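Coordinate inspection notes
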Amino acid sequence: MKKIAKEVDEIIIGIGSAQKSHEIENPFTAGERVLMVSSALEEIGIKHYVIPIEDIQRNSLWVAHVKSMVPPFDVAYTNNPLVIELLREAGTKVKQSPLFTRNNYSGTEIRKRMLAGDRWEHFVPEKVVEIIHAINGEKRLMTIAQSDKV
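So, a few notes on the structure that sits alongside this text.

**Some points on the environment of Tyr 105**
- Structurally, Tyr 105 is set in the loop between strand S4 (93-95) and helix H5 (107-116).
- Look at Tyr 105 and you get partly exposed, because its relative accessible area is 42%.
- In the structure, Tyr 105 is positioned 18 residues away from Phe 123 in sequence and 6.0 Å away in space, judged by C-alpha atoms.

As structure tokens, then:
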């Protein structure tokens, strides 16, 4: 984000799959995710918006849906191949951002560490750690990962 902040005047971050929560892949609510991202971005000191965006399950309409939910933008940063293709087909300029130690700095890896009881806190900003602890996020993830099968 710091690198992107040097290239733009403001940053808009879309929180995808905003309708999902309390699932292993999306254990936090959209509001909790917005709070986490907003808190982490405060240190960058650039104007930013963090906007929840629900899935629509229609790729041909997805870019229009996103654009209807966020302020106007000139360039999109993503590394998701499908998103890159959809944005480019819609005439949006796309740049890819660098991925730093992606194997460690991924939500999947952090959730895996939480479920295993391993250290994860050093992979996220301190403010995010505080939020996850305040909402008892580790316990929530462990609870929803349980099965009622014996």
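**Things to note about the pattern of salt bridges**
- What the rule picks out here adds up to seven salt bridges.
- One salt bridge connects Lys 3 with Glu 7, and the closest N-O pair in it is separated by 2.9 Å.
- The partly exposed category is assigned to Glu 7, whose relative accessible area is 38%.
- Note that Glu 109 and Lys 112 form a salt bridge whose closest N and O atoms lie 3.4 Å from each other. Taken as a pair, Glu 109 and Lys 112 lie in helix H5 at a separation of three residues, close to a single helical turn.
- Each member of the salt-bridge network shares a partner with another, and the members are Lys 3, Glu 7 and Lys 95.

Rules and cut-offs
Residues numbered from 1 in each chain as written. Predicted model: local features only at pLDDT ≥ 70, side-chain atom pairs only at ≥ 80, totals over all residues. Heavy atoms only, no water. Helix = DSSP H or I, 4+ residues; strand = E, 2+ residues; numbered from the N terminus. Buried < 20%, exposed > 50% of the residue type's maximum accessible area, 1.4 Å probe, protein only. Salt bridge = Lys/Arg side-chain N within 4 Å of Asp/Glu carboxyl O.

From the geometry alone we can't say anything about function, so treat these as descriptive.
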